[in-house]
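Overview (structure and organization)
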Amino acid sequence: MSAESHADLLMATPFWIPEADLGVRCLACSRECRISEGQTGFCRTRVNKEGRLQRPYEGFLSALADDPIEKKPLYHFFPGSRVLSIGGWGCNFTCPWCQNHPISQNLPRQREQRSTSPKELVNQALEEGFQCLAFTYNEPTVAIEFVLQTFCLAKSEGLRTVLVTNGSMGARGARALAPYLDAVNVDLKGFNAEKLRQVVQGDLGAVLASIETFRSEEIWTEVTTLVVPGFNDDAQELRQTADWLAGIGRSTVWHLTAFHPDYHYQKFGPTPVSTLEQAREHGREAGLHFVYLGNVPGESSNTACPKCGFTLVERDEGRVRITENFHGLCPACQNRAAGRWA
Ligand code: SF4
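Within any chain, residue numbers begin from 1 and follow the written order of that chain's sequence. With the structure being a predicted model, the display of local features is reserved for residues of pLDDT at least 70 and the display and counting of side-chain atom pairs for 80 or more, all residues being used for whole-chain, interface and lining totals. For side-chain calculations, the full set of non-hydrogen atoms in the structure is used, while hydrogens and water are omitted.

**Observations regarding the environment of arginine 319**
- The helix count covers DSSP runs of H or I at least four residues long, the strand count covers runs of E at least two residues long, and both are numbered beginning at the N terminus. By secondary structure assignment, the location of arginine 319 is in strand 16 (residues 319-322).
- According to the relative accessible area criterion, arginine 319 is exposed, its value standing at 55%.
- For the pair formed by arginine 319 and proline 79, sequence separation is 240 residues and the distance between their alpha carbons is 10 Å. The rule is simple: take the accessible area with a 1.4 Å probe, protein chains only, and divide by the maximum for that residue type; under 20% is buried, over 50% is exposed, in between is partly exposed.

Written out as structure tokens, the structure reads:
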């Protein structure tokens with residue numbers, strides 16, 4: 001079967017099932033919305049029309065950009081490389097601090113936009129010399145069929161594929177994506193299931209299941225926690241997160257990033273650096289080998305060999321320098337560093 005036929009089949013894979021009285025149940029994310037005729041699901045991007053789930057905003061892009069892979073963030077996946085970053089519309093969470101709320105909480109005005117196809121995106125990546133393509137900026141799970149088709153075509157052309165997600169696809173979606181996916185960054189927004197449900201309308205169990213599934217499918221997986229004052233900056237919660245991550249593998253990369261007031265969440269100032277440093281300490285105490293701070297001016301985010309401390313990758317204000325002769329084995333002690341290296 002050609003890559004295009006394979007991709008078409010994926011596009012046709014129904015992430016929904018029919019229900020009684022012309023209703024449908026969407027299976028794209030763990031929310032599993034039951035959608036009545038003429039209504040949309042929680043994310044508003046998926047519609048029931050005459051008993052079939054339709055995706056009227058598919059292929060409408062909110063952004064298409066040339067990014068460093070470090071911006072995803074992925075620090076252990078071909079550092080210093082560039083990625084064609086694709087953004088769509090909509091989200092299935094409701095984070096009140098969302099820095100991308102103009103695209104995550106809104107839909108495109110179709111008349112003003114042209115829809116793009118997976119083939120066009122892959123061709124653009126190839127023509128512009130990218131080796132990697134990423135779905136990022138909004139939540140890609142709400143367009144999982146389009147993501148799958150694009151990734152399938154991208155893999156057939158030798159491109160690497162990356163997903164930046166809130167993990168809401170759970171184990172089922174993660175398994176569906178895994179054959180076409182090289183690396184993922186999952187946003188683990190907190191470790192208190194009740195708060196997560198109330199504040200961002202997320203399902204902690206599904207997020208954790210997606211992380212475990214990506215890892216067990218050998219997809220390179222990094223995890224990000226935006227440390228939000230008043231929401232998830234409690235020491236005990238951060239310690240629990242660190243312990244869980246260390247439990248699935250001490251080589252799990254954990255990014256702790258600073259919050260800045262945005263959107264509906266203005267009652268607190270930016271995350272104090274001391275809170276992030278304390279969280280990093282929890283990570284180290286839990287046994288994690290790689291914990292990085294993000295959005296902190298002047299903060300070093302070098303990668304050091306966990307065995308001997310030798311610097312493997314230096315990152316400094318957007319510049320990335322990979323130590324000579326480092327291709328995965330520490331040049332000083334020959335220890336293998338977890339990640340995908342050139
Ligand atoms: S992708 Fe959207 S419609 Fe489907 S289950 Fe999730 S929130 Fe509901």
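Let's pick the thread back up.
**Section: the domain arrangement of the protein**
- Where each domain begins and ends is defined by an automated method or by a domain database. Domain boundaries assigned for the protein yield domain 1 (3-54), domain 2 (63-300) and domain 3 (302-342).
- Summarising the inter-unit geometry, the C-alpha centres of domain 1 and domain 3 are found 44 Å apart.

**Section: the site of the ligand**
- Consider each residue's heavy atoms; a residue with any of them within 4 Å of a molecule or strand counts as near. Taken together, Cys26, Ala28, Cys29, Arg31, Glu32, Cys33, Gly41, Phe42, Cys43, Arg46 and Asn92 make up the full set of residues near the ligand.
- Here the shell around the ligand is built from residues that sort into six nonpolar, two polar and three charged. In this classification, Asp, Glu, Lys and Arg are treated as charged, Ala, Val, Leu, Ile, Met, Phe, Trp, Tyr, Cys and Pro as nonpolar, and every other residue, Gly included, as polar.

**Some thoughts on the sheet that holds strand 16**
- Strands were regarded as paired on the criterion that DSSP finds at least two bridges between them. The antiparallel open sheet is built from three strands, whose spatial order is 14-15-16. Two strands lie at the open edges of the sheet, namely strand 14 (303-304) and strand 16, each paired on one side alone.

**A look at the side chain of lysine 189**
- One can find lysine 189 in the loop between strand 10 (183-187) and helix 6 (193-200).
- In protein, a polar contact requires one atom able to donate a hydrogen and another able to accept it; more generally it is a pair of N or O atoms within 3.5 Å, and residues adjacent in sequence count only if both atoms are side-chain atoms. Separated by 2.9 Å, the side chains of lysine 189 and aspartate 187 make a polar contact.
- Only heavy atoms enter the contact rule, under which two residues are in contact if any of them lie within 4.5 Å. Those residues in contact with lysine 189, other than ones at most four positions away along the chain, are Phe93, Cys95, Asn166, Leu196, Val200, Phe231 and Asn232.

**Overview of the packing of helix 8 (residues 235-248) against helix 9 (residues 273-286)**
- Contact geometry of helix 8 with helix 9 gives a least axis separation of 8 Å together with a crossing angle of 35°. Where helix 8 crosses over helix 9, the handedness of that crossing is right-handed. Of the residues in helix 9, those touching helix 8 at Ala235, Leu238, Arg239, Ala242, Asp243 and Ala246 are Ala279, His282, Gly283 and Ala286.
- A breakdown of the residues in the contact of helix 8 with helix 9 according to their chemical character gives six nonpolar, two polar and two charged. Each axis is a line fitted through C-alpha atoms, and for a helix only the stretch in contact is used; angles between axes span 0 to 180 degrees, taken between their N-to-C directions. Throughout, a crossing is termed right-handed when the near helix is turned clockwise from the far one, and left-handed when it is turned anticlockwise from it by less than a right angle.

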